[in-house]
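# Per-entry structural report
Read off the chains here:
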Amino acid sequence: QVQLVESGGGLVQAGGSLRLSCAPSGRSIFSFNAMGWYRQAPGKQRELVATITSGGTTNYADSVKGRFTISRDSAKNTVYLQMDSLKPDDTAVYYCNAGVFPGYWGQGTQVTVSS
């Protein structure tokens, strides 16, 4: 069973930055067709934030384009989500995902952006 270990959430003021990390246990990040980040705010459905394929193609939700960047480090076997210019609307639990959807999910990490 694959476990996705997430880290990097927290509380930040609007305009600030955070970086989330996701590392799969026992498997290479390149063994998945894609990895990505989703988020779920209170009372809302889980939504896609960003994905990166094994070939390196990235995709972003319109709401985060130009502010968030998904990347990976092969040496650390980790996928990152760099979040800049954060807004209160970005407040949510962020989940790492890997594989063919629904695939594997991390435990979630809270991101809170204060105004």
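Residues numbered from 1 in each chain as written. Predicted model: local features only at pLDDT ≥ 70, side-chain atom pairs only at ≥ 80, totals over all residues. Heavy atoms only, no water.

## Here we look at the overall build of the protein
Quick reminder of the rule: Strands here mean DSSP runs of E at least two residues long; helices mean DSSP runs of H or I at least four residues long; both are numbered from the N terminus. Burial classes: relative accessible area under 20% of the type maximum marks a residue as buried, over 50% as exposed, and values in between as partly exposed (1.4 Å probe, protein chains only). Each accessible area value is a Shrake-Rupley result obtained with a 1.4 Å probe; residue values ignore everything except the protein chains displayed when judging cover. The charged-residue count follows a simple rule in which Lys and Arg add positive charge and Asp and Glu add negative charge, with His and chain termini not counted at all. To locate a charge, take atom NZ for lysine, CZ for arginine, CG for aspartate or CD for glutamate.
Secondary structure assignment for the protein yields zero helices and 11 strands. When its helices and strands are written in sequence order, the protein yields β-β-β-β-β-β-β-β-β-β-β. Among the 115 residues that make up the protein, the fraction classed as buried is 43%. Accessible surface for the protein amounts to roughly 5900 Å². Of this, 48% is attributable to carbon and sulfur atoms. Distance between charge centres in the protein, computed from 10 positive and 7 negative side chains, equals 4 Å.

## Quick look at the pairing of strand β4 (residues 34-40)
Let me state the cut-off plainly: For two strands to pair, DSSP has to find at least two bridges joining them.
Of all seven residues in β4, six are buried, a share of seventy percent or more. Examined bridge by bridge, β4 and strand β5 (residues 47-53) share six bridges and lie antiparallel to one another. Bridging from a neighbouring strand, Gly36 pairs with Thr51 of β5. Following β4, the chain reverses through six residues before pairing antiparallel with β5; Gly43 in that reversal takes a positive phi of roughly 75°. Inspection of the sheet shows β4 paired to strand β9 (residues 92-98) by six bridges, in the antiparallel sense. Bridging from a neighbouring strand, Tyr38 pairs with Tyr95 of β9.

## Re the sheet that holds strand β8 (residues 78-83)
The condition is simple: Axes here mean lines fitted to C-alpha atoms, for a helix over just the part in contact, with angles spanning 0 to 180 degrees between N-to-C directions.
The strand order β1-β3-β8-β7 describes an open sheet built from four strands, whose pairing is antiparallel. In this open sheet, the two edge strands, each paired with only one partner strand, are β1 (4-7) and β7 (68-73). Within the sheet, the average angular offset between the axes of one strand and its neighbour, ignoring direction, is 20°. As paired strands, β1 and strand β3 (residues 18-24) are joined by four bridges and run antiparallel to one another. Paired with Ser7 across the two strands is Ser21, which belongs to β3.

## Concerning the state of the cysteines
Quick reminder of the rule: Any cysteine sulfur atom paired with another within 2.5 Å is treated as part of a disulfide.
Under the counting rule described, the total for this entry stands at one disulfide. Disulfide pairing places Cys22 opposite Cys96 at an S-S distance of 2.0 Å. Across the disulfide from Cys22 to Cys96, rotation about the S-S bond amounts to roughly -80°, and the bridge is consequently left-handed. Highlighted residues: Cys22 in strand β3 and Cys96 in strand β9, separated in sequence by 74 residues.

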